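Observations on the model geometry
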Amino acid sequence: MEKFVYCSPTKIVFGRAAEEKTAGLVKENGGTRVFIIYGGQSAVKSGLIGRISSNLAEAGIENQAMGGVVPNPLVSTAREMAKAALAFKADFILGVGGGSVLDTAKAVAHTVASPEHDIWDFWTGTKVEKTTPLGAVLTISAAGSETSNSAVLTNDTIETPTKRGITTELNRPKFAIMNPELTMTLPKYQIGAGAADIFMHTHERYFAAVLGNHLTDEMAEGLFRDIIKYGPVGVKEPDNYEAMSEIMWCGSVSHIGLTGIGAQGDTAREGDWACHQLGMAISAIYDSTHGATLTAVWAAWSRYVMKNNIARFAQFARKVYGINVCDDEIAAEMGIVCTNEFFRSLGMPLSLTELLGHAPSDEEIEALATECTYGKTRKIGSFASLDYDDIAAIYNNCR
Ligand code: NZQ
Ligand code: ZN
């Protein structure tokens, strides 16, 4: 095991009625004026925003709520919200929702602390030096943003919209309130897409360039087995508390860094993240649901890169699906088939045609590969380094 540093500072408050602890947690973190950010209508319809606002007010904490975050969240919305949070003189930002809301809340928190910067500065190289304390009330198990050090936004204010992420320890919320009951109103498609994303956050770390650390592998393989068991149950029975709580906890653990701790770098294995980059380009152009973009490209990516380390794919198949075959190539292929069956059981697409509702043309494949490489200026992946031609070939293979 090589040296590493691991820090996950987010306090997790899990279980039924956990949101009743909101005011106490805000106070613990010195918040007196809370700017609440939410999405479309789900959190208002369920009464959650009203309950949280009353919980804060009863504790003497001023608060103001603003909705309007859309899936694949936009920098234009984040800018408006930052303006409103500054006008309110917020000293605490509270995101109530999923990855889209929480990533917007992270952007707002950074901008409130450094109003001299435009949000997109942080997404294009300006270091985030300070931030405003941020809390999360999670309503969908998926992105893992409630504990992660990442945030992803789409810049909709430029000619060709682009979807990009930033990574900084200042992205980590002070606390995450996780009540599985809050996720029971989710549409089945969102539960399925969330479970797929959760699987992929560990998958991207599992298929790293440099491996090692047996415990990390065991934890990752356990997480795969858990989400494979409970993801489809949640899709069928959204009111099944046991399934929804397993999915919720898997979502945080999968993106908190633990399933990537290991052999290289100061904090974690350098993950691969190619499927995420392939998927983000699809979302940038077609506004597709994040988890569904991952399942559409995954098998094509796997078959394209598996020759780089066939033994790793075989280990994945044997440990996760119990495939008892000696030949590595056959085991690896069986693992791909089983994973596609899992994605199918979540109701997720297995090709671009299924995802988009049409077979993309050659021009569309070129546009995707161009967006994915930021205009042919970068490669992606570490398990296998992929350039424009590789990326275009993978998109072509999952057409
Ligand atoms: O807007 P509302 O009305 O709330 O509806 C939302 C939205 O339409 C709905 N929803 C959420 N909770 C609900 C609910 N509907 C009914 N009942 C509830 N309890 O679900 C829809 C999707 O919400 P969204 O926040 O977009 O989902 P998710 O958590 O999957 O987040 C996806 C975003 O996170 C980014 C993705 O790229 C995407 O933009 N990611 C963020 C990461 C991070 N910060 O660490 C890592 C991920 O890899 C991912 O890239
Ligand atoms: Zn993801």
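Residues numbered from 1 in each chain as written. Chains lettered and ligands numbered in written order. Predicted model: local features only at pLDDT ≥ 70, side-chain atom pairs only at ≥ 80, totals over all residues. Heavy atoms only, no water.

**Notes on the overall build of the chain**
Filter applied, for reference: A run of DSSP states H or I qualifies as a helix once it reaches four residues; a run of E qualifies as a strand once it reaches two. Both are numbered from the N-terminal end. With C-alpha atoms as the basis for the radius of gyration, the globule rule is written as 2.2 Å multiplied by the number of residues raised to the power 0.38. When accessible area is computed with a 1.4 Å probe and restricted to protein chains, residues below 20% of their type maximum are described as buried, those above 50% as exposed, and intermediate ones as partly exposed. Whether two residues touch is decided by their heavy atoms; if any such pair falls within 4.5 Å, the residues are in contact. Each accessible area value is a Shrake-Rupley result obtained with a 1.4 Å probe; residue values ignore everything except the protein chains displayed when judging cover.
In terms of helices and strands, the chain carries 16 helices and 8 strands. Taking 21 Å as the expected radius of gyration for a compact globule of 399 residues, we find that the chain reaches 20 Å, a close match to that expectation. Burial analysis of the chain (399 residues in total) assigns 56% to the buried set. Sequence separation of 24 or more characterises 76% of the internal contacts of the chain that already satisfy a separation of 6 or more. Here the chain has roughly 15,700 Å² of accessible surface; of this, 52% comes from carbon and sulfur atoms.

**Concerning the sheet that holds strand β3 (residues 62-66)**
So the rule is basically this: Two strands form a pair only when DSSP identifies at least two bridges running between them. Each axis is a line fitted through C-alpha atoms, and for a helix only the stretch in contact is used; angles between axes span 0 to 180 degrees, taken between their N-to-C directions.
With parallel pairing, the 6 strands of this open sheet are ordered in space as β1-β8-β5-β4-β2-β3. Bordering the open sheet on either side are β1 (11-14) and β3, each of which pairs with just one other strand. Along the sheet, successive strands turn relative to each other by an average axial angle of 15 degrees, direction set aside. Judged from the 5 bridges that link them, strand β2 (residues 33-38) and strand β4 (residues 92-97) form a sheet pairing that is parallel. Paired with F35 across the strands is I93, a residue of β4. Along the sheet, helix α4 (residues 75-87) contacts β2, β3 and β4; its crossing angle with β2, the most-contacted strand, is approximately 160 degrees. Its contacts with the sheet put helix α9 (residues 241-255) on β1, β5 (134-138) and β8 (175-178), and the angle it makes with β1 is roughly 175 degrees.

**Some points on the pattern of salt bridges**
Note the threshold: Note on definitions: salt bridges are taken to be side-chain nitrogens of Lys or Arg within 4 Å of carboxyl oxygens of Asp or Glu.
Scanning the model with the defined rule gives 12 salt bridges in all. In this structure, D328 engages R318 in a salt bridge whose closest nitrogen and oxygen atoms are separated by 2.9 Å. Here R318 lies in helix α12 (residues 310-321) and D328 lies in helix α13 (residues 328-345), a separation of 10 residues in the sequence. A residue is classified by how much of its surface remains accessible, and R318, at 29% relative accessible area, is partly exposed. In the salt-bridge network here, residues are joined through shared partners; they are E218, E221 and K319.

**Here we look at the side chain of N63**
Using the following cut-off: In the analysis that follows, any N or O atom pair within 3.5 Å is treated as a polar contact, provided that within protein one partner can donate a hydrogen and the other can accept it, and provided that, for residues neighboring in sequence, both atoms belong to side chains.
Secondary-structure assignment places N63 in strand β3. Judged by its relative accessible area of 19%, N63 is buried. Among the polar contacts listed, one links the side chain of N63 to the side chain of S53, at a separation of 2.7 Å. For N63, the side chain forms a polar contact with the main-chain oxygen of I61, separated by 3.2 Å.

**Quick word on the nonpolar core**
The criterion, for reference: The term nonpolar core refers to a set of buried residues drawn from Ala, Val, Leu, Ile, Met, Phe, Trp, Tyr and Cys, joined through side-chain atoms within 4.5 Å.
Judged by nonpolar contacts, the single largest core of 65 residues is most densely connected at F199, L278, W298, W301, L352, L386 and Y395. Here this core takes 9 residues from helix α11 (residues 290-305), the largest share from any one element.

**Focus on the domain arrangement of the chain**
Keep this limit in mind: The source of the domain bounds is an automatic or database domain assignment. Throughout, the accessible surface (probe 1.4 Å) given up by two parts as they are put together, summed over both, is called the buried area.
The domain boundaries assigned to the chain delineate domain 1 (11-182) and domain 2 (186-397). On a C-alpha basis, the centroid separation for the pair domain 1 and domain 2 is 26 Å. Facing the 28 residues of domain 1 at the interface are 25 residues of domain 2. Here domain 1 meets domain 2 over a buried area of about 2,200 Å², counting both sides, of which 59% is carbon and sulfur. Ranking the residues of domain 1 by area buried against domain 2 places S141, K163 and P180 at the top, with a combined share of 25%. Connecting domain 1 to domain 2 are 0 salt bridges.

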